[in-house]
Amino acid sequence: MSFGEKILEYKNDILNDLASLVAIDSVSVEGSEKPRQALEYMLARGTEMGLKAKNVDNIAGHLEYGTGKRLCGVLTHLDVVPAGKGWSVPPFALTQKDGRLYGRGVADDKGSAVVAMYCLKALLDNGINADSTIRLIMGTTEETGMTDVKHYFSKERVPDIGFTPDSDYGICNCEKGILQISVTGKNDSKIIKAATGGSAVNAVPDSCTFTLSQEITVPKNCCGNFTTECKNGTARLTSEGSAAHAMEPYKGFNSITHAVNMLCRLYSGNEIGSMLQFINECIGVKTDGSPMGLNLNDQQSGSLTMNLGVINIDSENAAVKIDLRYPVSACYDSIADTIKSCAEKYGLSVSIDSHLAPLNVPADSRIIAALQQAYKEVTGEMPNLYSTGGGTYARSLKNRGVAFGPVFSNDCSNMHKPDESLNTENFLLHAQICLEAMYRMFTQ
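Residues numbered from 1 in each chain as written. Predicted model: local features only at pLDDT ≥ 70, side-chain atom pairs only at ≥ 80, totals over all residues. Heavy atoms only, no water.

### Regarding the overall build of the protein chain
Using the following cut-off: To qualify as a helix, a DSSP run of H or I must reach at least 4 residues; to qualify as a strand, a run of E must reach at least 2; elements of each kind are numbered from the N terminus. Put simply, the radius of gyration uses C-alpha atoms, and a globule should come to 2.2 Å times the residue count raised to 0.38. When checking whether two residues touch, look at their non-hydrogen atoms; a contact exists if any pair is within 4.5 Å. Method for areas: the Shrake-Rupley scheme with a 1.4 Å probe, in which residue coverage is limited to the protein chains shown. In this count, Lys and Arg are taken as positive residues and Asp and Glu as negative ones, while His and the chain termini are left out. Every charge is mapped onto a representative atom, which is NZ of Lys, CZ of Arg, CG of Asp or CD of Glu.
Broken down by element type, the protein chain carries 10 helices and 24 strands. Computed over the C-alpha atoms, the radius of gyration of the protein chain is 23 Å, within 12% of the 22 Å expected from 2.2 N^0.38 for a compact globule of 444 residues. Its C-alpha atoms give the protein chain principal-axis dimensions of about 75 × 40 × 40 Å. Put simply, of all contacts in the protein chain between residues at least 6 apart along the chain, 75% involve residues at least 24 apart. When the accessible area of the protein chain is evaluated, it comes to approximately 17,300 Å², of which 44% is carbon and sulfur surface. When the 40 basic and 50 acidic side-chain charges of the protein chain are each reduced to a single mean position, those positions are 2 Å apart.

### Some remarks on the sheet that holds strand 5 (residues 100–102)
Stated precisely, the cut-off is as follows: Pairing between strands is defined by DSSP: at least two bridges between them are needed. Axis definition: a line fitted to C-alpha atoms, over the contacting stretch in the case of helices. Angles run 0 to 180 degrees between N-to-C directions.
The strand order across the open sheet formed by three strands is 4-5-24, and the pairing between neighbours is antiparallel. Every interior strand has two partners, whereas the edge strands, strand 4 (95–97) and strand 24 (421–423), have only one. Looking at each pair of strands side by side, their axes are set apart by 20° on average, direction ignored. Note that strand 5 and strand 24 share three bridges and pair antiparallel. Among the inter-strand pairings, Leu101 is bridged to a residue of strand 24, identified as Leu422. Against the sheet, helix 10 (residues 424–443) touches strand 5 and strand 24, its axis set at about 80° to strand 24.

### Observations concerning unusual backbone geometry
Backbone phi values are negative for most residues with the exception of glycine, while trans is the configuration of most peptide bonds. Stated formally: Under the scheme applied here, a residue whose accessible area is under 20% of the maximum for its type counts as buried, over 50% as exposed, and between as partly exposed, the area being computed with a 1.4 Å probe on protein chains only.
Across the junction of Asp108 and Asp109, the peptide omega takes the value 10°, indicating a cis bond. In this structure, Asp109 sits in the loop between strand 5 and helix 3 (110–125). The residue after Tyr169, namely Gly170, is reached through a cis peptide bond having omega 5°. With respect to the secondary-structure elements, Gly170 resides in the loop between strand 8 (167–168) and strand 9 (171–175). In this structure, Asp57 is a non-glycine residue whose phi angle is positive, near 60°. Inspection of the secondary structure puts Asp57 in the loop between strand 1 (52–56) and strand 2 (60–66). At Asn414, a residue that is not glycine, the phi angle is positive and equals roughly 55°. Assessed through its relative accessible area of 22%, Asn414 is described here as partly exposed.

### Focus: the pairing of strand 1
Sheet analysis places strand 1 next to strand 2, joined by five bridges and oriented antiparallel. The residue of strand 2 that forms the bridge with Lys54 is His62. Two successive antiparallel strands, strand 1 and strand 2, enclose a turn made up of three residues, where Asp57 displays a positive phi of approximately 60°.

### Some words on the sheet that holds strand 13 (residues 225–231)
Hydrogen bonds between backbone groups are what pair the strands of a sheet, and the pairing can be parallel or antiparallel. One open sheet accounts for eight strands, arranged 13-14-12-11-17-18-10-19; its pairing is antiparallel. The strands lining the two open edges of the sheet, one partner per strand, are strand 13 and strand 19 (349–356). Each neighbouring strand pair of the sheet contributes to a mean axis angle of 20°, computed without reference to strand direction. Helix 5 (residues 255–266) rests against strand 11 (192–197), strand 12 (207–212), strand 13, strand 14 (234–240) and strand 17 (305–313) of the sheet, and its axis sits at about 30° to strand 12. This element, helix 7 (residues 274–283), spans strand 10 (177–186), strand 11, strand 12, strand 17 and strand 18 (317–326) of the sheet and lies at about 20° to strand 18.

### Some words on the packing of helix 5 against helix 7
Selection rule: Note on angle classes: values under 35 degrees are labelled roughly parallel, values over 145 roughly antiparallel, values of 65 to 115 roughly perpendicular, and the remainder oblique. Charged means Asp, Glu, Lys or Arg here, nonpolar means Ala, Val, Leu, Ile, Met, Phe, Trp, Tyr, Cys or Pro, and polar covers whatever is left, Gly included.
Orientation of helix 5 relative to helix 7, taken along the N-to-C sense of each, is 105°, at an axis distance of 9 Å. The pairing of helix 5 with helix 7 is recorded here as roughly perpendicular in orientation. Note on element contacts: helix 7 touches helix 5 through Leu276, Ile279, Asn280 and Ile283, opposite Thr257, Val260, Asn261, Leu263 and Cys264. Classifying every residue of the contact of helix 5 with helix 7 by side-chain character gives six nonpolar, three polar and no charged.

### Regarding helix 1 (residues 11–22)
The cut-off we apply is this: To estimate the expected span of a helix, subtract one from its residue number and multiply by 1.5 Å. Along the arc lie the directions from the helix axis toward the C-beta atoms.
End to end, helix 1 covers 16 Å across 12 residues, agreeing with the expected 16 Å (1.5 Å per residue, within 8%). Those residues of helix 1 that fall on the buried side of the exposure criterion are Ile14, Leu15, Asp17, Leu18, Leu21 and Val22. For helix 1, the arc enclosing every buried residue in end-on projection is 165°, short of the 170-degree limit, so these residues lie on one face. Relative to its buried face, helix 1 has exposed residues pointing more than 90 degrees away, namely Asn12 and Asn16. Looking at the packing, one finds that the buried side of helix 1 touches helix 2 (34–49), strand 4, strand 5, helix 3 and helix 10.

### Digging into the packing of aromatic side chains
Which entries qualify depends on this criterion: Only the six-membered ring of Trp is used, alongside the rings of Phe and Tyr, when aromatic pairs are assigned; centres must lie within 6.5 Å, and planes under 30 degrees apart are stacked while those over 60 apart are edge-to-face, with the rest tilted. Placement of a positive charge over a ring is assigned whenever Lys NZ or Arg CZ falls within 6 Å of the ring centre and within 35 degrees of the normal to the ring plane.
The full count for this structure, using the stated rule, is 10 aromatic pairs. With 4.3 Å between their ring centres and 20° between their planes, Phe3 and Tyr439 make a pair best called stacked. Separated by 436 residues along the polypeptide, Phe3 in the segment before helix 1 and Tyr439 in helix 10 bring together distant segments of the chain. One aromatic cluster is present, formed by Phe163, Tyr169, Tyr375, Phe404 and Phe408 through successive ring pairs. Positioned over the ring face of Tyr102 is Lys97, at 5.4 Å from the centre of the ring.

### Section: the pairing of strand 21 (residues 385–388)
Burial of the side chains of strand 21 is restricted to one face: Tyr386 and Thr388 are buried, whereas none of Leu385 and Ser387 on the reverse face is. One ladder, built from four bridges, connects strand 9 with strand 21; its direction is parallel. Looking at the pairing, Glu175 lines up with Thr388 of strand 21.

This is how it looks when you write it as structure tokens:
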């Protein structure tokens, strides 16, 4: 019997706390108190279990077990992306059906946070002692730039070893660089009066609307799902797509870029305006950055991806937000300069909203060996090493940590999509692996 199996004793309690946590709609948006409420809930529950708790300015916090000098860390986040449309169940309620657990945050990343809390409780309840301290570190702005861990580690020590259960199994030791930018300018279009679409820069927008100063007829051979409402010489165009995580934008259908592509076929550049010209000519409906000459790739981490996630146009101004995931060998400065140069040709300005440098942890590192042993102990198999375009807290560990779980290759989590969920058996298998990994980090 592996030590990890002991987590199954807490199965019902884990599901009950996960239900309470999912019910807090902790979308990370300016002015929302819900991410803080989620943090307070977890700190309070951990305190009730006998763990040490610390709230770092309502932005992040930790639960702690042990008193040793060596610090181990498990990093999770309690904020979530917006629910979006198309759910078959209530997004902010834990629903158990057909052998699955549904709810926003079940996979990303509330399920992992609750599991890790109970792993600390299992260490406590079993009286495990070592010359180590282990912390469950929890943030509230992971989905909007990871300013939470930056603030947290400005006041707290960076763990000597750690992992974040916020990705897929096996072990993610390589993460692409993430660049999120805003492109802004004046609305100089003679046709477009307003536009809104997308709820988060790191998600493919599943819908958008454009208000036009004249009635239109959508060409029959256009790629997209469009509806129009024409009245008194004006039109409201709605474009429907399908959501996906910005690390894999090719798995979704971008409602904004396809709408822009259709509109640019109907109107000239002078009519459509600078912003839509820029979108159509420098981004287009592709997701590889090739219209700007940014179709970069390397063997370690794969190809660059680009996602236009948000658009806002009113009578005076036009703005879009773009998410890029670039290979670990690529040059950030060169990519940023290319985008700025392209935008300037259309009279637009570029500002950097956030930038996360790539992560590349050597395959022979101590943390990878520990996680490999834990995974093999529970599953009987050796986990593979892989790279991702996703961004996790592992970047904040200064090459002392990686991403590890909770999603298995035989499961579809719908992360950042409607009906986010995990197979229940897989979720409990992850719990066993997580406890085994935390036990080994703590005691070795």
